[in-house]
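# A structural walkthrough
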Amino acid sequence: MADLIEDKIKNYKTAPFDARFPNTNQTRNCFQNYLDFHRCSKALSSKGQDTSPCEWYQKVYKSLCPMSWVEKWNGQIEDGSFPGKI
Amino acid sequence: MAHPTQLGFQDAASPVMEELLHFHDHALMIVLLISTLVLYIITAMVSTKLTNKYILDSQEIEIVWTILPAVILVLIALPSLRILYLMDEINDPHLTIKAMGHQWYWSYEYTDYENLGFDSYMIPTQDLTPGQFRLLETDHRMVVPMESPVRVLVSAEDVLHSWAVPSLGVKMDAVPGRLNQTAFIASRPGVFYGQCSEICGANHSFMPIVVEAVPLEHFENWSSLMLEDA
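- As named in an unreviewed UniProt entry, chain B is Cytochrome c oxidase subunit 2, taken from Labeo rohita.

- An unreviewed UniProt entry lists chain A under the name Cytochrome c oxidase subunit, from Labeo rohita.
- Among the UniProt annotations of chain A, the heading Function (unreviewed entry) holds the following wording: "Component of the cytochrome c oxidase, the last enzyme in the mitochondrial electron transport chain which drives oxidative phosphorylation."
- As stated in UniProt under Sequence similarities (unreviewed entry), the record for chain A gives "Belongs to the cytochrome c oxidase subunit 6B."

In structure tokens:
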């Protein structure tokens, strides 16, 4: 299972089609992957496990999300004012 | 790009635009045939000395001119729906580019591997070199590999804009806070021009879009160079 994820991460070209977000509006796709990356990192590191599977979410949100949005959200997380639940 | 006194579409640079072009030719031909027929009938009616005062109704012709238009509409609808669904097909992009609209320039972000981002301003008329196109050229072009499905995510940082490239058959509104997805395949190498398509202030007419489709190796060289310069 871990190998499959590793292969997927290694062969990453760009964010693949996600059936949860089939339409033109991809805003939620970007936000969801950003949330999932932070939730995954938080969950795995709190258990003391390797967080490399979370890289998938990071690659996807980096592909999809505008850099200005990511910087803003990173700043909000540091401030403690991020609106999403992580 | 568009040229003076142009009447039709620009040459297609993507498969979807080719389909749209052919459909437009098909629909326009039907429209022209019907218009010619109607115009002929009008002139024939107006210029004859014959009269017929005793016709009341005719079942046969009524049936013909009900069924025939229905058939013509079906002949228009079927290719139209075919293209509609073709444009909606799930594609597997090789590359994702973000096009962000600002007042009054576009910025492009290529973040699949590294964080490459740059602004694309229109070249002012006084700075054009001979052979360049007025109000269409930009200092940095959005370079894409040819024959590869490209996903473009369009958004805006301030007001509404719209990212349009007619020869690729692409137009997508840029809405602040929203990420709109569109995709295209550049079937041939070349330079394709477009202009902002949503009123966005004083310089709305002066923030063009230039897409340059090149072979993959050239694209890779270009992106390495851009990353070094950044």
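Next, the rest of the story.
### Describing the overall build of chain B
- For chain B, the helix and strand inventory stands at three helices and ten strands.
- Beginning at the N terminus, the succession of helices and strands in chain B can be written as α-α-β-β-β-β-β-β-β-β-β-β-α.
- With respect to the principal axes defined by its C-alpha atoms, chain B has extents near 85 × 40 × 35 Å.
- The buried share of chain B, taken over its 230 residues, is 36%.
- Of the contacts formed within chain B by residues at least 6 apart in sequence, a portion of 63% connects residues at least 24 apart.
- Within the structure as shown, chain B displays about 13900 Å² of accessible surface, and the carbon and sulfur contribution to it stands at 62%.
- Of the charged side chains in chain B, 10 are positive and 27 negative; the average position of the first set lies 13 Å away from that of the second.

### As for the packing of helix α1 (residues 15–46) of chain B against helix α2 (residues 59–87) of chain B
Residue and element names in this part refer to chain B.
- Following both chains from N to C, one finds α1 and α2 inclined at 165°, their axes separated by 10 Å at the closest point. Of the possible angle classes, the one that applies to α1 and α2 is roughly antiparallel. Judged by the twist between their axes, the crossing of α1 over α2 is left-handed. Residues Val16, Glu19, Leu20, Phe23, His26, Ile30 and Ile34 of α1 pack against Ile72, Leu75, Ile76, Pro79, Ser80, Arg82, Ile83, Leu86 and Met87 of α2.
- Tallied by class, the residues present in the contact of α1 with α2 amount to twelve nonpolar, two polar and two charged.

### Things to note about the UniProt feature "domain: Cytochrome oxidase subunit II copper A binding" (unreviewed entry) in chain B
- In the numbering used here, UniProt assigns the "domain: Cytochrome oxidase subunit II copper A binding" (unreviewed entry) feature to residues 92–225 of chain B.
- Between the C-alpha atoms that bound residues 92–225 of chain B the distance is 27 Å, and the span itself is 7% helix and 43% strand.

### Looking at the state of the cysteines
- Applying the stated criterion to the full structure yields two disulfides over all chains.
- Residue pairing for Cys40 of chain A: its cysteine sulfur links by disulfide to Cys54 of chain A, the two sulfurs lying 1.9 Å apart. Since a negative S-S torsion denotes a left-handed disulfide, the Cys40 of chain A-Cys54 of chain A link at about -80° is left-handed. A residue pair is termed long-range when its members are at least 10 positions apart, and Cys40 of chain A in helix α2 (residues 27–46) and Cys54 of chain A in the loop between α2 and α3 (55–64) qualify at 14 residues.
- We note that Cys196 of chain B lacks a disulfide partner, and the nearest cysteine sulfur, in Cys200 of chain B, lies 3.9 Å from it.

### Re α2 of chain A
Residue and element names in this part refer to chain A.
- With 20 residues, α2 should reach 28 Å at 1.5 Å per residue; the first-to-last C-alpha distance of 29 Å fits that figure.
- With 14 of its 20 residues buried, α2 lies for the most part within the structure.
- Gly48 lies just past α2 and shows a positive phi near 75°.

### Description of a negative patch on the surface
Residues and elements named next belong to chain A.
- There is a patch of like negative charges on the surface, built from Asp3, Glu6, Asp7, Asp50 and Glu55.
- The element that contributes the greatest number of residues to the negative patch is helix α1 (residues 2–10), accounting for three residues.
- Structurally, Glu55 can be placed in helix α3.

### Quick word on the packing of aromatic side chains
- A complete count under the given rule lists 16 aromatic pairs over all chains for this structure.
- Judged by centre distance (4.4 Å) and plane angle (20°), the rings of Tyr105 of chain B and Tyr121 of chain B are stacked. Linking Tyr105 of chain B in strand β2 (residues 105–110) with Tyr121 of chain B in the loop between β3 (116–120) and β4 (142–145), this pair joins segments that are 16 residues apart in sequence.
- According to the relative accessible area criterion, Tyr105 of chain B is buried, its value standing at 14%.
- The partly exposed category is assigned to Tyr121 of chain B, whose relative accessible area is 37%.
- When the ring of Phe133 of chain B is compared with that of Tyr193 of chain B, the centres are 5.5 Å apart and the planes differ by 90°; the resulting orientation is edge-to-face. Note that Phe133 of chain B is positioned in the loop between β3 and β4 and Tyr193 of chain B in strand β9 (residues 190–194), a separation of 60 residues in sequence.
- You can call Tyr193 of chain B buried: its relative accessible area is 7%.
- An aromatic cluster is built from Phe31, Tyr34, Phe37, Tyr61, Trp69, Trp73 and Phe82 of chain A, whose rings are joined through pairwise contacts.
- In this arrangement the basic side chain of Lys8 of chain A is found over the ring face of Trp56 of chain A, its NZ or CZ atom lying 4.4 Å from the centre.

Reading the values: the criteria
Residues numbered from 1 in each chain as written. Chains lettered and ligands numbered in written order. Predicted model: local features only at pLDDT ≥ 70, side-chain atom pairs only at ≥ 80, totals over all residues. Heavy atoms only, no water. UniProt positions renumbered as here; feature names shortened; annotations may be inferred. Helix = DSSP H or I, 4+ residues; strand = E, 2+ residues; numbered from the N terminus. Buried < 20%, exposed > 50% of the residue type's maximum accessible area, 1.4 Å probe, protein only. Contact = heavy atoms within 4.5 Å. Areas by Shrake-Rupley, 256 points an atom, 1.4 Å probe, with all protein chains shown as cover. Lys, Arg positive; Asp, Glu negative; His and termini not counted. Charge placed at Lys NZ, Arg CZ, Asp CG, Glu CD. Axes fitted to C-alpha atoms, helices over the stretch in contact; angles between N-to-C directions. Parallel < 35°, antiparallel > 145°, perpendicular 65-115°, else oblique. Left-handed = near helix turned anticlockwise from the far one by under 90°. Nonpolar A, V, L, I, M, F, W, Y, C, P; charged D, E, K, R; others polar. Disulfide = S-S within 2.5 Å. Expected span 1.5 Å × (residues − 1). Patch = residues over 30% accessible without salt bridge, like charges linked within 9 Å, V, L, I, M, F, W, Y side chains within 5 Å. Salt bridge = Lys/Arg side-chain N within 4 Å of Asp/Glu carboxyl O. Phe/Tyr/Trp six-rings, centres within 6.5 Å; stacked < 30°, edge-to-face > 60°. Lys NZ or Arg CZ within 6 Å of the ring centre and 35° of its normal.

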